[in-house]
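The lines below spell out each chain.
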Amino acid sequence: MHKQSIDLQETVRQRYAAAAVKITEGTAACCGPEPVEIDENFGSTLYAADERDALPAQAVAASLGCGNPTAVAELREGERVLDLGSGGGIDVLLSARRVGPTGKAYGLDMTEEMLALALTNAARAGATNVEFLKGTIEAIPLPANTIDVVISNCVINLSVDKPAVFAETFRVLRPGGRMGVSDVVADDTLTPENRAERGDHVGCIAGALSFAEYRAGLEAAGFTDIEITPTHPVADGMHSAIVRAGKPTTAATPASDDSCCGVTACCTPGEKTNDTAVTVSEAKSAAGCACRN
């Protein structure tokens, strides 16, 4: 990674770490922590009141996204969900409620302060089917073909390596899995310089892809059934959008010499799962593995 990219990633990390600290230290409002919102186009007001009311106040206050991906991901009982850039955990907690006790919701974030806040919020919510992971969305710390749905809320535009994000998302999804994210997308007529004039990278503007660039990036990673639907403007020629795409059921299964289906030493007496939260049979079933013995 080039120094400029490393510096930009660190700027993003510091901005969200500061937001988490502000919430954790309890900037008070009459009914709880004061939300850290950029303007009316971002933050917790994009969620329904009944969703906000069912969650810890600190999870709601830490919402910095541009949409509500759980409302469009069509989550079902028993599914395994991954939230890229999970922040204070609002979308993980909402997902956990939707998939129920037989499902699981993962949150991935690179910011220690946000992860600590998310763990506190999960405990306050009494959520037992959630897990928060430290890492970057360009290198997801989960086995291939183990996730049913990937969601994200205005985070992919912050990445300094979006092809890696799309490739990693495709990798962890099981064949037939899907992604449903909210993100900022630019009109195709806007150049990168035009986008930078409308806002900075950490503010979710300068780093946004155009509609055509987003589609091309998803296609290059192997996604099909791509839909990019703008929902509301966030700047001149810039939109919050719902992005949906699927991984084909015939998608190839990445494998190393001794690992497949999220299982090391697959189909041998020494086999074990890469993810200790699931059994060998669960990992094989989620991946559609041909070896079920």
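A brief look at the structure comes next.

## A look at the nonpolar core
- Grouped together as the largest cluster of nonpolar side chains are 31 residues, with contacts concentrated most on Leu82, Tyr214, Leu218 and Phe223.
- Put simply, the parts of the chain that give this core at least two residues each are strand E3 (80-84), strand E4 (104-109), strand E6 (147-153), helix H6 (162-172), strand E7 (173-186), helix H8 (211-221), strand E9 (224-235) and strand E10 (238-246).
- Residues within four places of Tyr214 in sequence aside, it is in contact with Ile156, Phe166, Val181, Asp183, Val185, Leu209, Ile228 and Val243.
- In terms of nonpolar packing, the next biggest core, distinct from the first, is built from 10 residues, Val184, Ile205, Val234 and Met238 among them.

## A word on the environment of Arg215
- Tracing the chain through its elements places Arg215 in helix H8.
- In this structure the C-alpha to C-alpha distance between Arg215 and Glu227, which are 12 residues apart in sequence, comes to 8.3 Å.
- Those residues in contact with Arg215, other than ones at most four positions away along the chain, are Ile226, Glu227 and Ile228.

## Description of the side chain of Asn121
- Structurally, Asn121 can be placed in helix H5 (residues 112-125).
- Residue Asn121 is classed as buried on the basis of its relative accessible area of 0%.
- Engagement of the side chain of Asn121 in a polar contact is seen with the backbone oxygen of Gly88, the distance being 2.9 Å.

## What about the packing of H6 against H8?
- The N-to-C vectors of H6 and H8 enclose an angle of 45 degrees; their axes lie 9 Å apart at closest approach. Of the possible angle classes, the one that applies to H6 and H8 is oblique. With respect to the hand of their crossing, H6 and H8 are arranged in right-handed fashion. Contact residues: Phe166, Ala167 and Phe170 in H6; Tyr214, Gly217, Leu218 and Ala221 in H8.
- Taken together, the residues of the contact of H6 with H8 sort by class into six nonpolar, one polar and no charged.

## Considering unusual backbone geometry
- Unlike most non-glycine residues, Asn145 shows phi in positive territory, near 60 degrees.
- Checked against the element boundaries, Asn145 lands in the loop between strand E5 (130-134) and E6.
- Located in the positive-phi region is Cys154, a residue other than glycine, with phi close to 60 degrees.
- Relative to the elements of secondary structure, Cys154 occurs in the loop between E6 and H6.
- For Cys154, a relative accessible area of 2% gives the class buried.

Reading the values: rules and limits
- Residues numbered from 1 in each chain as written.
- Predicted model: local features only at pLDDT ≥ 70, side-chain atom pairs only at ≥ 80, totals over all residues.
- Heavy atoms only, no water.
- Core = buried A, V, L, I, M, F, W, Y, C linked by side-chain atoms within 4.5 Å.
- Buried < 20%, exposed > 50% of the residue type's maximum accessible area, 1.4 Å probe, protein only.
- Helix = DSSP H or I, 4+ residues; strand = E, 2+ residues; numbered from the N terminus.
- Contact = heavy atoms within 4.5 Å.
- Polar contact = N/O pair within 3.5 Å; in protein donor to acceptor, adjacent residues only side chain to side chain.
- Axes fitted to C-alpha atoms, helices over the stretch in contact; angles between N-to-C directions.
- Parallel < 35°, antiparallel > 145°, perpendicular 65-115°, else oblique.
- Left-handed = near helix turned anticlockwise from the far one by under 90°.
- Nonpolar A, V, L, I, M, F, W, Y, C, P; charged D, E, K, R; others polar.

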